[in-house]
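# Structural characterization, general
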Amino acid sequence: MAEIEEKITIKRKKQYGICSKLWCLRCMNCCKADDVSILTSRNRKELSVKLMTKYQNAIQLNPEEIQVLDVLILLYTLDEKSWAYQYLYQCKLISNDESSRNDLEFYIPQLMNYLVFHEEMLNENISQFILTSCIHNFYFAQVVYWTLYSISSIVFNNQVTEFQKVKQYLQNLIKRMVLNHETNYEIKEQDDKITEMISTYGTPQFDQQSMKCLILPEHIQLSKYIPLEQQESYDFMSCINFWNDIISMSDKLKFADPKIISLRADLSLINTRLPANVYIPFVKDQLRQYTILNIVVQETKIFSTKERAPFYICIEVYNVEKEENKHEDKRERKNSEFNVELNMLSDFKNQSNLTISQESNQSQGVSECYEIELSKKEDQKKTNDITLDFEKIGQEIFGEDSNQISERIRQQSPYCHFRSWRLVHLIVKTGDNLKQEQFALQLINQFQMIFQKENLPLKLTTYDIQSLGPSSGIMEMIKDAATIDSLKKKLNSIDKDITLSQFFKKYYTTNLQKAQRNFCSSLAAYSLICYFLQIKDRHNGNILLHKSGKILHIDFGFFISISPGKGLEFEKNVPFKLLSEYIDVLGGTKSELFNLFRKLFFKGFVACQKHQDQILLLVKMMYSGHGYTLPCFSKGEIAIHDLESRFNPPCSNDGEISVFTQNLINQSLDNWRAKWYDKFQYYFQGIFY
């Protein structure tokens, strides 16, 4: 294990072809390490200036609304940074608006990347700014901690490099935050039965009959979380210690047998320390404003692999402030599935000559009510036996409805009376570099904001992910969705001739047009980002179908410049995956919906080209620091230039861009490489196509 005390560098052994893998010629001194971290901070500075200087002329710093990305450009490119330091203090720290992020928290990966790799933790101005901001805002401080901890050591080519300067900075940060974020808790007397119910809920000792006692929000006495192997804690470390305990369980599972019993026993032990002042560090739906009440132990599932044991948990949470404000109706949505606004493609109504439904969804303003309608129309009695069968098949494919899960668990919970009660679904992972996955989701969020800024009915399903360490983290689990792989396996077990298009017709029936429109708008959106970011490994295990009909992608381990295959690269030169079965869902190549898909793809392309700097800058900033240690940058500057060229094809007007985008669609449609990659995954991994 290498320890870096002075310069922050990452090294790897030189490779001399197949011979170096078969034997070691020590006498030839060929194992001398290469520095692959883009060398010294001076070299990183030269690279960032080379890649980003051209953006300086477009900077317009309006004191009334500072653009964080502009300030970061100044940091990365200027020699004299005094102006950049001043503007940093004028930037908005955090935001609860998911649709438009212009806050420093969203760009913390780029800011920490600059501090660690460019300044090597030696810039006192940046260090002082971060410290001041962390003192000012608790949530900002915790995200800074997790981000720095995630890059405090890097695993590259099976070698671990530790950055001692980063670890020392973290220790100093913790000391200051402990002093500034400590609270004195007032302990109130309460009934022994209520105390026992709260302390035993979520453990084998809990007596369901004791729920005759009513627990009210005022009975909850929140205090700092005491970690499993310690006797004391601090407020700032409370949430950090909680997630450290959760992560440690995933590490232990590799050696446990049976795993599920071991996991549930450990989770029950954590429940004895809940409720406590801990939260889920996600911005979506203001989730971090909610306090964790309990982990629903019996719902836990483990997804074992040869080397890892990620697991699923669902957590009961509530909002303290909303419970205290009794003069307002604070009833919340009953689950934490991704809340995607219902987009009925109104801007394209005249272009496609489709009859667009204008049904209201004002009760919640999100599509989850709409999604429930697709599968639970109680007022529509179906008489066709085949339709009834497909409704049952759909339930088996998509699993228990998230609202039903929420209601079932709520009825069994002593906290069921809390008006702000919610259920959150998470996946805990260790042994994976979630920094790259988190970076990919940051870019996808940026694409979604571009679509919204241009009022385009293109919808990407974003989900929250937080790297909690060098090789661990948590991510929000998508509910009411199933992989195309599992869907096809189920259909194949019934009738091998059932196609995806036939499933749509028989499952969605009267809601078919709505499902098709959702499929169309999401397919166009993901086709665009798969082209620009070159997202690969797009087999049917990484593509999901939601109950509302929209398509969505997960697992972004291969993008920008890396693809699976080690030389074969089946998906090489495929702009994006577009199979004929997708087009059949839309009604065929001559259908109105496929024409709409073409228009959406073109307009989305133009929008992305217009705002390309918002994507390119994030990529260039991360590359100038992390270098090859993020797998997505394995091809170096070539990958950056290729990305830029995809945004800027040799077209001089919209007409030529239209021709170019239509050629991309034609080139992707049933591309033999994409089809053969699906076949490869079927024969070697059993993933249906």
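Residues numbered from 1 in each chain as written. Predicted model: local features only at pLDDT ≥ 70, side-chain atom pairs only at ≥ 80, totals over all residues. Heavy atoms only, no water.

Along the backbone of the protein there are 26 helices and 14 strands. Every one of the 689 residues in the protein was classed for burial, and the buried ones make up 56%. The long-range share in the protein, meaning contacts at least 24 apart out of those at least 6 apart in sequence, stands at 77%. Working note: accessible area of the protein is about 31,400 Å², and carbon and sulfur atoms make up 48% of it. (Helix = DSSP H or I, 4+ residues; strand = E, 2+ residues; numbered from the N terminus. Buried < 20%, exposed > 50% of the residue type's maximum accessible area, 1.4 Å probe, protein only. Contact = heavy atoms within 4.5 Å. Areas by Shrake-Rupley, 256 points an atom, 1.4 Å probe, with all protein chains shown as cover.)

In this section: the confidence of the model for the protein. Scored by pLDDT, the protein has a mean of 83; 81% of the residues are at 70 or more. Mean pLDDT values over the elements of the protein span from 30, in helix α14 (residues 368-375), up to 98, in strand β6 (residues 291-295). Under a pLDDT of 50 for its full length, residues 327-388 has, in the predicted model, 135 contacts with residues more than four places off or in other chains. (pLDDT = per-residue confidence, 0-100.)

What follows deals with a negative patch on the surface. Together, Asp191, Asp192, Glu196 and Asp207 line one region of the surface with negative charge. Locating Asp191 in the fold gives a position in the loop between α8 (164-180) and α9 (192-200). A relative accessible area of 43% means that Asp191 is categorised as partly exposed. (Patch = residues over 30% accessible without salt bridge, like charges linked within 9 Å, V, L, I, M, F, W, Y side chains within 5 Å. Salt bridge = Lys/Arg side-chain N within 4 Å of Asp/Glu carboxyl O. Lys, Arg positive; Asp, Glu negative; His and termini not counted. Charge placed at Lys NZ, Arg CZ, Asp CG, Glu CD.)

Looking now at the packing of aromatic side chains. Counted by the stated rule, this structure contains 36 aromatic pairs. Ring geometry for Phe439 and Phe633: centres 6.2 Å apart, planes at 55 degrees, overall tilted. A residue pair is termed long-range when its members are at least 10 positions apart, and Phe439 in helix α17 (residues 434-453) and Phe633 in the loop between α23 (613-626) and α24 (637-647) qualify at 194 residues. We classify Phe439 as buried; its relative accessible area is 2%. Residue Phe633 is classed as buried on the basis of its relative accessible area of 0%. (Phe/Tyr/Trp six-rings, centres within 6.5 Å; stacked < 30°, edge-to-face > 60°.)

Next up on the list: the pattern of salt bridges. Where side chains of opposite charge bring their charged atoms close, a pairing between them can arise. Counting across every chain of the model gives 21 salt bridges. Linking Arg44 and Glu120 is a salt bridge whose minimum nitrogen-to-oxygen distance equals 3.3 Å. Within this pair, whereas Arg44 is found in helix α2 (residues 41-52), its partner Glu120 is found in the loop between α5 (108-118) and α6 (124-136), the two being separated by 76 residues in sequence. Pair check on accessibility: Arg44 and Glu120 agree, each one buried. Across the pair Lys547 and Asp401 runs a salt bridge whose closest N-O atoms are separated by 2.9 Å. With Lys547 in the loop between β13 (543-546) and β14 (551-553) and Asp401 in the loop between α15 (385-398) and α16 (402-412), this residue pair connects regions lying 146 residues apart in the sequence.

The subject of this paragraph is the pairing of strand β8 (residues 311-318). Burial analysis of β8 places eight of its eight residues in the buried class, which makes it a mostly covered element. Relative to β8, β6 is paired through four bridges, and the arrangement is antiparallel. Of the residues in β8, the one forming a bridge with Ile292 is Val317. Note: strand β7 (residues 301-302) against β8, two bridges, orientation antiparallel. Within β8, the residue paired with Ile302 across the bridge is Phe311. Across seven bridges, β8 lies against strand β9 (residues 422-430) in antiparallel orientation. Bridging from a neighbouring strand, Cys314 pairs with His425 of β9. (Pairing = 2+ DSSP bridges.)

What follows concerns the sheet that holds strand β12 (residues 481-483). Judged by pairing direction, the sheet is antiparallel, and its three strands sit side by side in the order β12-β13-β14 without closing on themselves. A single partner strand is all that each edge strand has here, and the edge strands are β12 and β14. Between one strand axis and the next, the sheet turns by 35 degrees as a mean value, whatever way the strands run. The sheet contacts of helix α18 (residues 484-494) involve β12 and β13, and relative to β12 the element is tilted by about 80 degrees. Against the sheet, helix α20 (residues 512-532) contacts β13 and β14, and its axis sits at roughly 25 degrees relative to β14. (Axes fitted to C-alpha atoms, helices over the stretch in contact; angles between N-to-C directions.)

One turn of an α-helix holds 3.6 residues; hence residues three or four places apart share an orientation. Along its 13 residues, helix α7 (residues 138-150) runs 19 Å from first to last C-alpha, staying within 8% of the 18 Å computed at 1.5 Å per residue. Along α7, the positions that sit buried rather than exposed are Tyr139, Phe140, Ala141, Gln142, Val143, Val144, Tyr145, Trp146, Thr147, Leu148 and Ser150. A distance of 3.1 Å separates the backbone nitrogen of Tyr139 from a side-chain oxygen at the start of α7, and that oxygen is part of Asn137. (Expected span 1.5 Å × (residues − 1). Polar contact = N/O pair within 3.5 Å; in protein donor to acceptor, adjacent residues only side chain to side chain.)

Glancing now at the environment of Gly473. On the secondary structure map, Gly473 appears in strand β11 (residues 472-476). According to the relative accessible area criterion, Gly473 is buried, its value standing at 0%. Those residues in contact with Gly473 that lie beyond four places of it in its chain are Ile247, Ile427, Val428, Lys429, Leu434, Gln466, Ser467 and Leu468.

All right, on to the packing of α17 against α23 then. Interaxial distance between α17 and α23 falls to 9 Å at its minimum, and their mutual angle equals 165 degrees. By the angle between their axes, α17 is roughly antiparallel relative to α23. Seen from above, α17 lies across α23 with right-handed handedness. Listed contacts from α23 to Phe439, Gln442, Leu443, Gln446, Phe447, Ile450 and Lys453 of α17 are Gln614, Ile615, Leu618, Val619 and Met622. (Parallel < 35°, antiparallel > 145°, perpendicular 65-115°, else oblique. Left-handed = near helix turned anticlockwise from the far one by under 90°.)

Once that is clear, we can look at unusual backbone geometry. The step from Asp257 to Pro258 runs through a cis peptide bond, and the omega angle for that step is -5 degrees. Among the secondary structure elements, Pro258 is positioned in the loop between α10 (235-253) and α11 (259-271). Leu274 connects to Pro275 through a cis peptide bond whose omega is 0 degrees. Its location among the elements puts Pro275 in the loop between α11 and β6. Residue Asn455 is not a glycine yet carries a positive backbone phi of 55 degrees. Residue position: Asn455 is located in the loop between α17 and β10 (465-469). Residue classification places Asn455 among the exposed positions, given a relative accessible area of 55%. Backbone geometry places Thr509, a non-glycine residue, at a positive phi of 40 degrees. Relative to the helices and strands, Thr509 is located in the loop between α19 (500-508) and α20.

Turning next to the side chain of Asp70. Note that Asp70 resides in helix α3 (residues 68-77). The side chain of Asp70 is buried and forms no salt bridge, while Lys453, the nearest opposite charge, is found at 11 Å.

Our next topic: the environment of His219. Along the chain, the position of His219 falls in the loop between α9 and α10. The spacing of His219 and Glu189 is 30 residues in sequence and 9.3 Å in space, taken between C-alpha atoms. Beyond its immediate sequence surroundings of up to four residues, His219 is in contact with Gln190, Ile194, Ile198 and Leu214.

Before going further, it helps to spend a moment on the pairing of β11. Of all five residues that make up β11, five are buried, and the element is covered over most of its length. Across the two faces of β11 the burial is the same, with Ser472, Ile474 and Glu476 and Gly473 and Met475 all buried. By the bridge criterion, five bridges tie β9 to β11 in an arrangement that is antiparallel. Directly across from Thr430, in β11, lies its bridge partner Ser472. Note that β10 and β11 share four bridges and pair antiparallel. The residue bridging Gly469 from the neighbouring strand is Ser472, located in β11.

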